[in-house]
Amino acid sequence: MSVSIPDEAFERILQQAIVRPAGKSFRGEPARQVELLRLLRRESRPASSGSLFDHLKQAGVLRTGRDDDASRRKTITQAVDAINIKLGSYFFLARDPGLLDEMFRIQILADESGRSVYALQDFFETRKISGVRSFMPTDDPAGG
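For clarity, every value in this text was computed on a predicted model and none was experimentally measured.

A.B. asks: Can you explain the environment of threonine 64? Please cite residues and give values.
C.D. replies: Mapped onto the elements, threonine 64 comes out in the loop between α3 (49-59) and α4 (69-93). With relative accessibility at 33%, the residue threonine 64 sits in the partly exposed group. Separated by 11 residues in sequence, threonine 64 and threonine 75 have C-alpha atoms that sit 8.5 Å apart. Look past the residues within four positions of threonine 64 in its chain and what remains in contact with it is Phe53, Ser71 and Thr75.

A.B. asks: Now, about the pairing of strand β2 (residues 104-110): what can you tell me, with residues and values included?
C.D. replies: Where β2 lies against strand β3 (residues 116-122), seven bridges are found, and the strand directions are antiparallel. Opposite arginine 105, over in β3, you have glutamine 121 as the bridge partner. Between β2 and β3, which pair antiparallel one after the other, the connecting turn spans five residues, and glycine 114 there sits at a positive phi close to 90 degrees.

A.B. asks: How would you sum up the nonpolar core? Please name residues and give values.
C.D. replies: Residues Leu36, Leu37, Leu87, Phe104 and Ile106 are the most contacted members of the largest nonpolar core, which totals 33 residues. When sequence neighbours within four positions are dropped, the list of residues in contact with leucine 37 reads Phe10, Leu14, Ile18, Ile83, Leu87, Phe104, Ile106 and Leu120.

Conventions and cut-offs
Position labels on residues start from 1 in each chain and follow its written sequence. Residue-level local features of this predicted model are given only where pLDDT is at least 70; pairs of side-chain atoms are given and counted only at 80 or more, and the full residue set underlies all totals for whole chains, interfaces and linings. As a rule here, side-chain values come from all non-hydrogen atoms in the structure, and water together with hydrogens is ignored. Numbering goes from the N terminus for both helices and strands, where a helix is a DSSP run of H or I of at least four residues and a strand is a run of E of at least two. Between buried and exposed lies partly exposed: a residue is buried under 20% and exposed over 50% of the maximum accessible area for its type, with that area taken using a 1.4 Å probe on protein chains only. When checking whether two residues touch, look at their non-hydrogen atoms; a contact exists if any pair is within 4.5 Å. Two strands qualify as a pair provided DSSP detects at least 2 bridges between them. Only buried residues count toward a nonpolar core, which is a set of Ala, Val, Leu, Ile, Met, Phe, Trp, Tyr and Cys residues joined through side-chain atoms within 4.5 Å.

This is the structure in structure tokens:
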């Protein structure tokens, strides 16, 4: 389920959408959000909140001392919600059309037990497979 966003574009989006809005200090929440996005990009299948929490804990980007199931799910849910809001705002206001072509967000799915699992969702994967390269407007009349 890995998303095929070029490395340079992915890192620029992380810097402009996730890190910069929080300021220049790369600590706390932005660090957790960036690590979460990088992990989901590497995953070949959706990841559970428990596995994401464990990875973030190992990476040293969690500020919570709690480690119960409810806390794990809440931590990941809050991070995913914040990431999707930041990415949505960024892509809505983006000035670089090249980065708009790489639009993505975190998709929330349910596993067989009904718990949430997470994966990156590439909005334009169908477009990329079909060979269409851009949705930029032109002066051509619609429907032609």
